[in-house]
Amino acid sequence: MKCEEAGELIHAYLLGALDEDERRGLEAHVRGCPDCLAVYYEESQSMEMLLRVGDPVPAPLGLRKRILDMVNASARPAMRPGLIGGPLALLRSALRQPVAATAMAVVSITLVVLSGGAVLLWQEVNELKDEDSRLSANLQDQLDQIQEENERLAQTIVNQLDLAYLASMEGVSTVMLEGGDSAPKSTGMLMLSPNATWGVLLTLGLESLPRDKVYQLWLMSNNIRTSAGTFKVDSAGQGQLMVQGLGDLRDFENLEVSIEPAEGSPEASGANVLKGPMVIDGSQ
Amino acid sequence: MEYHLLEDSELTSLVASGDQQALAALYDRHANRVFSLALTLLGDYHDAEEVTQDVIMSVWQNSGAYDPLRARFSTWIARIAHNRAVDELRRRRKRAAESPLEDHEIAQADSTVAGIEYETVRSALYELPEEHRRVVYLGFFQGYTHTEISKMLDRPLGTVKTQMRAALRLLRDRVTASAEEVL
Ligand SMILES: [Zn+2]
């Protein structure tokens, strides 16, 4: 999608008036395009306003108690898979050893803290820059790293929104991946949307990579290998990747994650860290 | 803990760690808004109640996905409510299409919305030119896609897109202006 087309679709998107394909296409574009993202934020004010339409009508009297009873009865969040009780809990139980701080809540808080920290560091670096034009190579390096980390965080946030959206849908199914020879302790899960035209890959226990490497997801069918995108993981080994635009994902037979050069590879070249057959674990 | 003194973002963190009282506090703060929005869109008390329950439960399950840097909590939860209500509207239309009755939808578009108090937004909406107001009603309040709206109103898709953009901008300018008057 080009910026021009995205610009034309943004308003219908804000009104909730795009069909599924257009919505996906637009989100994919906006995610990767700072210009359109800026337009989106600018224009989203009117949508926020529409959401505040109307005087509050009191919610039904018994509803509060009913919800709290449900919550209480389920002890942990249940009903439909959610970020807390759903995919990550599943993923954790698939891991034999306990993984520290895997709850998405913690990830989310970390994101905020990290971005805050990154901003501070950024400011420090910039102040130094002003003070002393002989910015050391080391600081520039840190700055690059922060920028890179910020980009990754931004991507993670967008993915989290996709994930939240996915988790709220009925008929979501999952495919489990297990650690390959070079990363036996890692695990992964692909959550598929009900019609399996898109999904989100979650990984746990993968090692952080040097800056010139990324993880790349491959989908295979009839010995043909298709790249489904690249991702990085945070210091806790968690990674997320939005998978879309490849048709019905159930048509593929196998999944594999390998370590590749930063720009991704046309063919898998590096160590295989996750793998699994495209076997649907069933709808939740 | 004095839950009512906490910010929404603090409450969502607590909810993410399984704190039910924090959820109750968020409910007390936002349930009426969510319910009103759902009622506005659906025009049915029982359906609005279900949507509200659904939305609060999804806050319970997904509060970790809320990012305070990205949006106010009230916006986030309202978007969830809007999505759910629109899903319900689309389901209703599907059901209606399967057991064909007449199509009241367009006629309803105005009446559902007309009975609700809008405060500032209402006057801004009413000040929109009729053709712009129509696309907002059908899109935002009725959950039709722009392609559907183009067919329903027999307007070219490009026109519908342009009208949506113009409508949103007019609304924003109008509400910004009245906010400035207040200050
Ligand atoms: Zn763009």
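All values reported here derive from a predicted model rather than from experimental measurement. (Residues numbered from 1 in each chain as written. Chains lettered and ligands numbered in written order. Predicted model: local features only at pLDDT ≥ 70, side-chain atom pairs only at ≥ 80, totals over all residues. Heavy atoms only, no water.)

1. Quick word on the overall build of chain A
Each helix and strand in chain A was counted, giving seven helices and eight strands. Taken over 284 residues, chain A has a buried fraction of 46%. Considering only residue pairs separated by 6 or more positions, chain A has 65% of its internal contacts joining residues 24 or more positions apart. Summed over its atoms, the accessible surface of chain A is roughly 13,300 Å², and 54% of this surface lies on carbon and sulfur atoms. (Helix = DSSP H or I, 4+ residues; strand = E, 2+ residues; numbered from the N terminus. Buried < 20%, exposed > 50% of the residue type's maximum accessible area, 1.4 Å probe, protein only. Contact = heavy atoms within 4.5 Å. Areas by Shrake-Rupley, 256 points an atom, 1.4 Å probe, with all protein chains shown as cover.)

2. Things to note about the pattern of salt bridges
This structure, assessed with the given rule, holds 20 salt bridges over all chains. Measuring nitrogen to oxygen at the nearest pair gives 3.6 Å for the salt bridge that ties Glu8 of chain A to Lys161 of chain B. Remark: Lys161 of chain B occurs in helix H9 (residues 157-182) and Glu8 of chain A occurs in helix H1 (residues 3-14); the pair is interchain, linking two chains. Measuring nitrogen to oxygen at the nearest pair gives 2.7 Å for the salt bridge that ties Arg169 of chain B to Glu43 of chain A. With one member in each of two chains, Arg169 of chain B in helix H9 and Glu43 of chain A in helix H3 (residues 34-51) form a pair that bridges those chains. Salt bridges linked by common partners bring Glu42 and Glu43 of chain A together with Arg169, Arg172 and Asp173 of chain B together as one network. (Salt bridge = Lys/Arg side-chain N within 4 Å of Asp/Glu carboxyl O.)

3. Comments concerning the confidence of the model for chain A
When the pLDDT values of chain A are averaged, the result is 71; 63% of them are 70 or greater. Scored below 50 in pLDDT, residues 76-136 of chain A shows 105 contacts in the model against residues more than four places distant or in partner chains. (pLDDT = per-residue confidence, 0-100.)

4. As for the coordination of the zinc ion
For a metal bound by four donors in a tetrahedral arrangement, the ideal donor-metal-donor angle is 109.5 degrees, while six donors in an octahedral arrangement ideally sit at 90 or 180 degrees. Residues and elements named next belong to chain A. Taken together, Cys3 (SG), His29 (NE2), Cys33 (SG) and Cys36 (SG) make up the full set of protein donors to the zinc ion, lying 2.0 to 2.3 Å away. For the zinc ion, the four donor atoms in the first shell make angles of 101 to 116° at the metal, so the coordination geometry reads as tetrahedral. The sequence motif formed by the donor residues of the zinc ion is C-x25-H-x3-C-x2-C. Highlighted residues: Cys3 in helix H1 and His29 in helix H2 (residues 20-32), separated in sequence by 26 residues. Given the relative accessible area of 39%, Cys3 is considered partly exposed. By relative accessible area, which is 14% here, His29 ends up buried. (Donors = N, O, S within 2.8 Å, 3.2 Å for Na, K, Ca; no water. Tetrahedral: all angles 85-135°; square planar, octahedral: opposite > 155°, others 65-115°.)

5. Considerations on the environment of Val55 of chain B
Residue and element names in this part refer to chain B. By the element assignment, Val55 lies in helix H3 (residues 45-62). For Val55, a relative accessible area of 0% puts it in the buried group. In the structure, Val55 is positioned 24 residues away from Ala31 in sequence and 9.0 Å away in space, judged by C-alpha atoms. Residues within four places of Val55 in sequence aside, it is in contact with Val34, Ile77, Ile80, Ala81 and Arg84.

6. A word on the packing of H2 of chain A against H3 of chain A
Residues and elements named next belong to chain A. Across the interface, H2 lies against H3 with an axial gap of 5 Å and an inter-helix angle of 110°. In terms of axis orientation, H2 runs roughly perpendicular to H3. Only Pro34, Cys36, Leu37 and Tyr40 of H3 make contact with H2, whose side of the interface consists of His29, Val30 and Gly32. (Axes fitted to C-alpha atoms, helices over the stretch in contact; angles between N-to-C directions. Parallel < 35°, antiparallel > 145°, perpendicular 65-115°, else oblique.)

7. Quick notes on the environment of Val273 of chain A
Residue and element names in this part refer to chain A. By the secondary structure assignment, Val273 is in strand S8 (residues 272-277). Taking relative accessible area as the criterion, Val273 reaches 3% and is therefore assigned buried. Once the C-alpha coordinates of Val273 and Glu207 are considered, the two residues, 66 residues apart in sequence, prove to be 9.7 Å apart.

8. Description of the packing of aromatic side chains
What the rule picks out here adds up to six aromatic pairs over all chains. Ring geometry for Phe35 of chain B and Tyr45 of chain B: centres 5.1 Å apart, planes at 80°, overall edge-to-face. Taken together, the positions of Phe35 of chain B in helix H2 (residues 20-42) and Tyr45 of chain B in helix H3 put the pair 10 residues apart, joining distant regions of the chain. Look at Phe35 of chain B and you get buried, because its relative accessible area is 0%. Ring-pair connections join several aromatic residues into one group, and the members of that group are Tyr137, Phe140 and Phe141 of chain B. For Arg24 of chain A, the ring lying beneath its charged end belongs to Trp198 of chain A, and the centroid distance is 3.6 Å. If you follow Arg93 of chain B out to its NZ or CZ, it ends over the ring of Tyr144 of chain B, 3.5 Å from the centre. (Phe/Tyr/Trp six-rings, centres within 6.5 Å; stacked < 30°, edge-to-face > 60°. Lys NZ or Arg CZ within 6 Å of the ring centre and 35° of its normal.)

9. Observations regarding the sheet that holds S8 of chain A
Adjacent strands of a sheet form backbone hydrogen bonds with each other and so pair up, either parallel or antiparallel. Residue and element names in this part refer to chain A. One open sheet accounts for eight strands, arranged S5-S4-S7-S8-S1-S2-S3-S6; its pairing is antiparallel. Pairing within the sheet leaves two strands with one partner each, and these edge strands are strand S5 (224-231) and strand S6 (239-244). Within this sheet the neighbouring strands show an average axis-to-axis angle of 25°, counted without direction. Inspection of the sheet shows strand S4 (residues 213-221) paired to strand S7 (residues 254-261) by eight bridges, in the antiparallel sense. When the bridges of S7 are listed, Met220 appears paired with Asn254. (Pairing = 2+ DSSP bridges.)

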